[in-house]
Amino acid sequence: MNFFRGVMGGQAPGPQPSGAETIQRLCDRVASSTLLDDRRDAVRALKSLSKKYRVEVGSQAMDHLINILQTDRSDSEILGYALDTLYNIICNDEEEEQDESEDENAQKQADDLGAQFTDRFIQDPEHVTLLLALLEEFDFHVRWPGVKLLTALLKNQGVQVQGIILVSPMGVSRLMDLLADSREVIRNDGLLLLQQLTKSNAAIQKIVAFENAFERLLDIITEEGSSDGGIVVEDCLLLLLNLLKNNSSNQNFFKEGSYIQRMKPWFEVGDDNSGWSAQKVTNLHLMLQLVRVMVSPVNSPGATASCQKAMYQCGLLQQLCTILMATGVPADILTETINTVAEVIRGSQVNQDYFSSVNAPSNPPRPAIVVLLMSMVNERQPFVLRCAVLYCFQCFLYKNKKGQGEIVATLLPSTIDANSISAGQLLCGGLFSADSLSNWCAAVALAHALQDNLTQKEQLLRVQLATSLGKPPVSLLQQCTNILSQGDKIVRRGSNVQTRVGLLILLCTWTSNCPIAVTHFLHNQENVPFLTAQISENLGEDERLVQGLCALLLGICIYYNDNSLENYTKEKLKQLIEKRIGKENFVEKLGFITKHELYSRAAQKPQPIFPSPEQMLFDHEFTKLVKELEGMITKAVHKSSEEEKKEEEVKKTLEQHDNIVTQYKELIREQDAQIQELKEQVSSASSQNEQMQVTITQQLSQIQQHKDQYNILKLKLGKENQSQGDGSQVNGLQTEELTQLRKEVEELRKEYTLLQTQLSGKDELINTLKAEGSVGGSDNTELLKELEALRSQVQSQIAEIDCMKTERQELLRRAEAGASNPVPDGDGWSDTAKIAELESRLAAQTTETERLKEEAKMSSESRVEMEQQHASATSTAAILQTENAKLQTDLQESKKEQDDLLMLLADQDHKILTLKKRLKDLGETVDDEDDLDARDQTDDDDEEEYYEDED
């Protein structure tokens, strides 16, 4: 116990052990003690020494501490001490003050200790798995130091620890449970842990997102007060940024989960915006960044468009515009809001249209675009704010031909309003101001109004500027070239190079793909000599970019030249370059643009981000234009006239070919439509054919049934005939009975034949009535059509009669007025004639109407008569069908009686044969029917001979 008194409390007599020796003894105590209390005291002592003797404790005690975590899971107190100790030796956050004399190398070595001890700890991945298992302990003294230790491991060796956690079963899920802990300390440190865990690891980001992280984080933000919350809100927003930035899967999940709608309340600001706390500014700044992540230009166009649509529909864009126009908003928040609004409306026509309708709360109200442009051309505004306004204006015009037309229209003479400030006036004012940054921003903004829009390029040529009193106005294009040629003669605030670069960007954008603008530019005789002089001079490094842009502008004048000016055709401009500059020198100067150090920076992102105003030289869209034109201009300069002629011929051939292809495409479309129509007809015919096949099959089966019935009846009749033949052989013992039976059979046959005849007659009568009924139906249809035509004719006649009655009343009224106020005789005669004519026409129309009514009445009567005939025929057919059914029943009964008679005859024949046999057996002589016939014949012969002898 003296040892622990020396470490923990009082001083023991004798020499004191060193720190390394003390730590060694404590490690031995931890390893060898069998009592839990002794091990707990030793670990507590190591914890107290771990900050001062970080290296010694880390090198000697780490293995023992890990062993404690594995073996003493039942005691939460010793686990807490071990975890705290490991955290102290791994964490790089120095709580103790460093001496001022300590050099930087020693500090760097101290910082590297954390990484070294982290590598040692994670050499065995099971250690990290063990730590994850300990986080399931609910005890505060175990869970909290475990969270801090894992956070420190991720800070030092994030990639390796992320890999271990990713493959650990339920590893990420255990960490997500920290957000549901009721103890705020653990929940808040869990946020810090998840921030480190989700850095630059898309797989973990997806797992965390699908563990319902968005729902939990947004709930925490709401509970903590949204933008008015504290550091916890900031931590939640940082974690959300980690999950969403450059992760399209999570962005889509965030949008599909309707979480964008939950962001709207964050941006609700009151009327009094004074006194914003630093934490609120930070929170709102992160919230705006979160919105920008969802609509960033680097995202896929489809995902960005869907997020922009959702933000407009839920009112988030409207809320951002409210902040934009509010007063008292801090400058950095206003700047970030402008950037956010810019990306929310970029490329979305609906959002751009809404933004153009937003007005500032001023008297009189001004469009938000005008208010923003006023800030852009105002040199007193902060540089970052002016850049944000330029970016917002560029995004408003991006793929927005309607907006481009509205901006250019404010410069045209017919739309200028002298009583209000327009966007075009502000851009012209900035373009010709004494501030070089305003010149550049206005030139680039105007260039975006012309981007990929040939119509507006031609419209802008109409703009005329009044330079001074008494002088005629000059075109905007001419004024730009005048300022460009004056160069250093004008005193400006800022860089003259910046002004000239801005004007050249505007001119290059204006003339590209616009032969009319090229013609206007070349029409000024001073422009081409100025460009060739600028390109051919040997200027300093600062002027190289201007030379490159001049070469680009001259190349555009060659490539898009329509040869309408005789002095500046393509061939003459190329000869001028070859004589004054040299083709190789021209191409070299043209390459100065892409070789500039600021060119690649501007080409990366659409947003203009520059560390200082002097470095603001390139625009993102212009870099794409340069990349497109550089190779084309180089080829155009090196081509000879013969090659150009061949190329023109090839172009004409290609145009003809395109026209032919277009014609064939149209023909193919028509044929496709015809084929589709024929396919539909074939399909319809096939269905009808299938129905007919089914009908034919049914009819064939019915015919086969009728054949079978006919064959059965035929067999029955054959048996009847055979039975009758056999019956003729019966002797005269029962002659009278047989004769009577034969008569009955003959009568039944006659009755059967009569019934068959009546049945066929009835069938013919039914068919005839059916045919008459169908003809009557068609006649009824024709009568109905004729009746409708007559009715329409009657209606038109009635309408005409009404019109004529109205006209007659008017003429009568005029006649009465004329009687009271006499008029010249000519007018009276004309009115009388008109009245007479109208009365005659009215009488004729009345007669015609009566005739038509009679015809309609007769048609109605004939229709009624036809309907009665049809009903009578229908009832007759029904009666005949009933009689037919009755006859069929009688026929069946007759057949049955005939069969019974045949059976009776067969029995009689059998009895006669039996009686004959019995008589023969008794010795009686029985004559057959043949013998009886022969005897009758002999008697007749004898009688004839007797009568002959008497004669």
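Residues numbered from 1 in each chain as written. Predicted model: local features only at pLDDT ≥ 70, side-chain atom pairs only at ≥ 80, totals over all residues. Heavy atoms only, no water.

**Quick notes on the packing of aromatic side chains**
Alright, step 1. Counted according to the given criterion, the structure contains 10 aromatic pairs.
Alright, step 2. Centroid distance Phe140 to Trp144: 5.4 Å. Interplanar angle 25°. Geometry classified as stacked. Here Phe140 pairs with Trp144, and both are found in helix α8 (residues 140-156), just 4 residues apart, close to one helical turn.
Alright, step 3. Cluster of aromatic residues (ring-pair linked, three or more members): Phe210, Phe214, Phe253, Phe254 and Tyr259.
Alright, step 4. Directly above the aromatic system of Tyr87 lies the positively charged group of Lys148, at a separation of 5.0 Å from the ring centroid.
Alright, step 5. Between the NZ or CZ atom of Lys148 and the centre of the ring of Trp144, over which it lies, the distance is 4.0 Å. (Phe/Tyr/Trp six-rings, centres within 6.5 Å; stacked < 30°, edge-to-face > 60°. Helix = DSSP H or I, 4+ residues; strand = E, 2+ residues; numbered from the N terminus. Lys NZ or Arg CZ within 6 Å of the ring centre and 35° of its normal.)

**Structural notes on a nonpolar patch on the surface**
Alright, step 1. Taken together, the side chains of Ile660, Tyr664, Leu667 and Ile668 present a nonpolar region at the surface, about 390 Å² in accessible area.
Alright, step 2. Looking at the element boundaries, Tyr664 is found in helix α37 (residues 641-727).
Alright, step 3. In this structure Tyr664 comes out as exposed when scored by relative accessible area, which is 52%. (Patch = residues over 30% accessible without salt bridge, like charges linked within 9 Å, V, L, I, M, F, W, Y side chains within 5 Å. Areas by Shrake-Rupley, 256 points an atom, 1.4 Å probe, with all protein chains shown as cover. Salt bridge = Lys/Arg side-chain N within 4 Å of Asp/Glu carboxyl O. Buried < 20%, exposed > 50% of the residue type's maximum accessible area, 1.4 Å probe, protein only.)

**Quick look at the confidence of the model for the protein**
Alright, step 1. Residue-level pLDDT values for the protein average 82, and 78% of them are 70 or greater.
Alright, step 2. Put simply, helix α1 (residues 2-8) is where the protein has its lowest mean pLDDT, 44, and helix α22 (residues 383-397) is where it has its highest, 96.
Alright, step 3. Confidence drops under a pLDDT of 50 for residues 818-829, and excluding neighbours within four residues, the segment shows 2 contacts in the predicted structure. (pLDDT = per-residue confidence, 0-100. Contact = heavy atoms within 4.5 Å.)

**Section: α22**
Alright, step 1. With 15 residues, α22 extends 22 Å between its outermost C-alpha atoms, agreeing within 8% with the 21 Å of an ideal straight helix rising 1.5 Å per residue.
Alright, step 2. Among the 15 residues in α22, 14 count as buried, and that is most of the element. (Expected span 1.5 Å × (residues − 1).)

**Re the pattern of salt bridges**
Alright, step 1. Taken as a whole and assessed by the stated rule, the structure comprises 24 salt bridges.
Alright, step 2. Across the pair Arg262 and Asp219 runs a salt bridge, and its minimum N-O distance is 2.8 Å. Of this pair, Arg262 sits in the loop between α15 (248-256) and α16 (278-294) while Asp219 is found in helix α13 (residues 213-223), placing the two residues 43 residues apart along the sequence.
Alright, step 3. Connected through salt bridges with shared partners, the residues Asp37, Arg40, Asp41, Arg44, Asp75 and Glu77 form a single ionic network.

**Focus on the packing of helix α30 (residues 527-536) against helix α31 (residues 541-559)**
Alright, step 1. Where α30 contacts α31, the two axes come as close as 9 Å, and the packing angle between them is 140°. Our classification of the angle between α30 and α31 gives oblique. Between α30 and α31 lies a crossing whose hand is left-handed. Along its contact with α30, which presents Leu531, Thr532, Gln534 and Ile535, the element α31 presents Val546, Gln547, Cys550, Ala551, Leu553 and Leu554.
Alright, step 2. Among the residues making up the contact of α30 with α31, the classes are represented as 7 nonpolar, 3 polar and no charged. (Axes fitted to C-alpha atoms, helices over the stretch in contact; angles between N-to-C directions. Parallel < 35°, antiparallel > 145°, perpendicular 65-115°, else oblique. Left-handed = near helix turned anticlockwise from the far one by under 90°. Nonpolar A, V, L, I, M, F, W, Y, C, P; charged D, E, K, R; others polar.)

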